[in-house]
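Descriptive analysis of the structure
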Amino acid sequence: MSLAAYCVICCRRIGTSTPPPKSNTYWREIRNIIKFTGSLILGGSLFLTYEVLALKKSLTLDTQVVEREKMKSYIYVHTVSLDKRENHGVTYQARKELHKAVRRVLATSAKILRGPFADPFSTVDAEDHECAVWLLLKKSRLDDRTARLQAVQEMSETHHWHDYQYRIIAQACDLRTLIGLARSKESDLRFFLPPPPLPSLKEDSSIEEELRQLLASLPQTELDECIQYFTSLALSESSQSLAAQKGGLWCFGGNGLPYAESFGEVPSATVEMFCLEALVKHSEISTHCDKIEANGGLQLLQRLYQLHKDCPKVQRNIMRIIGNMALNEHLHSTIVRSGWVSLLAEAMKSHHIMEASHAARTLANLDRETVQEKYQDGVYVLHPQYRTSQPIKADVLFIHGLMGAAFKTWRQQDNEQQDLTDRVSEDEARYTTCWPKTWLAGDCPTLRIISVEYDTSLSDWRARCPMERKSIAYRSNELLRKLRAAGVGDRPLIWVSHSMGGLLVKKMLLEASKKPEMSAVINNTRGIIFYSVPHHGSHLAEYSVNIRYLLFPSLEVKELSKDSPALKTLQDDFLEFAKDKHFQVLNFVETLPTNIGSMIKLHVVPVESADLGIGDLIPVDVNHLNICKPKKKDAFLYQRTLQFIRETLAKDLEN
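Presented here is an overview of the structure given in this document. On a predicted model such as this, the values are computed, not experimentally measured, just so you know. (Residues numbered from 1 in each chain as written. Predicted model: local features only at pLDDT ≥ 70, side-chain atom pairs only at ≥ 80, totals over all residues. Heavy atoms only, no water.)

**Some points on the overall build of the protein**
- Summing up its helical and strand segments, the protein has 30 helices and nine strands in all.
- Here the protein, with 655 residues, has 48% of them falling under the buried criterion.
- A sequence separation of at least 24 residues applies to 77% of the contacts in the protein between residues at least 6 apart.
- With the model as given, the accessible surface of the protein reaches about 33700 Å², and the carbon-plus-sulfur share is 55%. (Helix = DSSP H or I, 4+ residues; strand = E, 2+ residues; numbered from the N terminus. Buried < 20%, exposed > 50% of the residue type's maximum accessible area, 1.4 Å probe, protein only. Contact = heavy atoms within 4.5 Å. Areas by Shrake-Rupley, 256 points an atom, 1.4 Å probe, with all protein chains shown as cover.)

The following block contains the structure:
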């Protein structure tokens, strides 16, 4: 304003002044113009200077804040100068040593902040978020395997970071680190990003139709008869409720089902279940796994998995498929990128043993950093399911009986007088759905505990695959191959078996003795526990034959007949073999009859049939189903089993 007023006054003076003498007029006008122009330039310069300073002040940033935000957002990599002159001389060496010293200081401060000594340390997070995250990320990518494992362990044990720091790890870590975090017990689930958005279904299509198309895209020739059966069943049935095989048969060596009451019930099944059954079989073939992945199977299965959160059976079958695909290392990166690791990490923390065990099997097959073994379908590690620094010194294998299961066969005996609310409030030390995982793992933490599951049927009428006719000899070779792939035989081991599972153990050991590549299994077998194993046959086989018009006994049941030549040969050969190898043996046998439905009671395995001919034979006042289900942890049945395992493996566990 002052500048404008001054200009107006100058102009007015020029305009109103009396004409001077002619000689001085010219220079006076020039002087006035110079004054006016100078004033204008000076005022403009002052104005511009003021505006520039004001703008600079408004745009000034706190450089420390900028640096902190940069550390949050950027990934720093090691760079090497292209100027060779910088890599020589005293200056370069001094700079190099100075950088080393700074890195040591930062690493030390990061360790302090990861484990603060007092409240003041825990409130100061500048150094922590600037250095600790990136130091661990860099460490997790080193060539030194020990350093990588230590970095993953330190990440999993860190619980004081902010959300964004966990997200930095989730976004920046490599495949090995992510899988290692998923297999670390203490890992925070914030380490895992949500699965990427799934592609939308095709127009006028459904999940059922997508599953059928996926199944139809797989090779249909040169397949096992059962794979052909499940595939044709899934592709031919409608989406309405399906009349599956009529239920009601009692499970020999299994869980026991009502016989007469449910005889007329027709369970329903969906097309998804039939498709999943078929895909489980297809996923056992490596080339079919490639087809499943190429045709979008990983995303489709993930959609089905999230859709059926309230259906554990569907989710378990899906995890079986992913676990089978994880046996192929070239598919690991695809499985990780599809978001399955975050779902598996969450399932690992489930309180349901079956869900956690299926997830543990899949993650173990993905983890090539610490796991050399491969766990094929039906082979589940009950302990340890996470990465551990505890050395594993021996294996204990659990083999269920006919129509049994890898988990439920080994549950604690149910207490009929116990109220359901009391059951829920109890901890696993008092009640467990799988005592080898909770009780035995706690008492013997240096053991690897494996439970095996295989498909069997009491009757051809109830067989899941009618074309399946698998003898004990066939199943023993199948299981032996799977167990050897899981590293069974590399350590001292004890076999624990129930019912027909004991016959499988005997046959497996005899078959292994004939194959040089299986000699490690024989050399490392220390002992065997038999729970009511019909070494000399079972009354159930005779009973089934007498009423075969109802049961149509399967091949497995027929082999349990007392006059079975195969059973007699197996008993004679194994008895001689076990004596020669000096195996330690413990036999349990039931003394009470077992209810088959509401009308029939049967003593399934009598005392004389459970006597192998070597080892202690201990009668227990329970029925056939409960002979392998202790009532509680301090019950004789469990304590005697624990004593046998400890004594038989005493030397191995001490070393």
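**Quick word on the packing of aromatic side chains**
- Here the structure, examined in full by the defined rule, presents 15 aromatic pairs.
- Judged by centre distance (5.5 Å) and plane angle (85°), the ring pair of F398 and W435 falls under edge-to-face. Residue F398 is located in strand β2 (residues 394-399), and its partner W435 is located in helix α20 (residues 435-443); the two are separated by 37 residues in the primary sequence.
- Site record: aromatic cluster; members linked through ring pairs are F398, W410, W435, W439, Y531, F588 and Y638. (Phe/Tyr/Trp six-rings, centres within 6.5 Å; stacked < 30°, edge-to-face > 60°.)

**Overview of unusual backbone geometry**
- Look at the link from H383 to P384: it is a cis peptide, with omega at -10°.
- Relative to the elements of secondary structure, P384 occurs in the loop between β1 (379-383) and β2.
- Even without a glycine there, the phi angle at S499 is positive, about 55°.
- Along the chain, S499 falls in the loop between β4 (493-498) and α22 (500-513).
- Judged by relative accessible area, which is 0%, S499 ranks as buried.
- Phi at S532 takes a positive value of approximately 50°, unusual for a residue other than glycine.
- Looking at the secondary structure, you find S532 in the loop between β5 (525-531) and α24 (539-546).

**Quick notes on the sheet that holds strand β3 (residues 447-452)**
- The strand order across the open sheet built from seven strands is β1-β3-β2-β4-β5-β6-β9, with neighbouring strands paired in mixed fashion. The open sheet has two edge strands with one neighbour each: β1 and β9 (616-620). Going from strand to strand, the sheet's axes swing by 20° on average, the running direction of each strand aside. (Pairing = 2+ DSSP bridges. Axes fitted to C-alpha atoms, helices over the stretch in contact; angles between N-to-C directions.)

**Considering the side chain of R361**
- Here R361 shows up in helix α18 (residues 353-366).
- Despite its burial, R361 pairs with no opposite charge; the closest candidate is D377, at 4.3 Å N-O. (Lys, Arg positive; Asp, Glu negative; His and termini not counted. Salt bridge = Lys/Arg side-chain N within 4 Å of Asp/Glu carboxyl O.)

**Overview of the packing of helix α21 (residues 472-485) against α22**
- Relative orientation of the contacting elements α21 and α22 amounts to 70°, with a least axis distance of 8 Å. Classified by the angle between their axes, α21 and α22 sit roughly perpendicular to one another. Mapping the contact onto sequence places I472, A473, R475, S476, N477, L479, L480 and L483 in α21 and M500, L503, L504, K507, M508, E511 and A512 in α22.
- The residue makeup of the contact of α21 with α22, split by class, is 10 nonpolar, two polar and three charged. (Parallel < 35°, antiparallel > 145°, perpendicular 65-115°, else oblique. Nonpolar A, V, L, I, M, F, W, Y, C, P; charged D, E, K, R; others polar.)

**Things to note about the nonpolar core**
- Core analysis: the biggest nonpolar cluster contains 65 residues, and L137, I169, L279, I318, M325, I335 and W340 have the highest contact counts within it.
- The biggest single contributor to this core is helix α12 (residues 271-282), with eight residues.
- Core analysis: the second largest hydrophobic core is formed by 43 residues, V379, V533, A578 and F583 among them. (Core = buried A, V, L, I, M, F, W, Y, C linked by side-chain atoms within 4.5 Å.)

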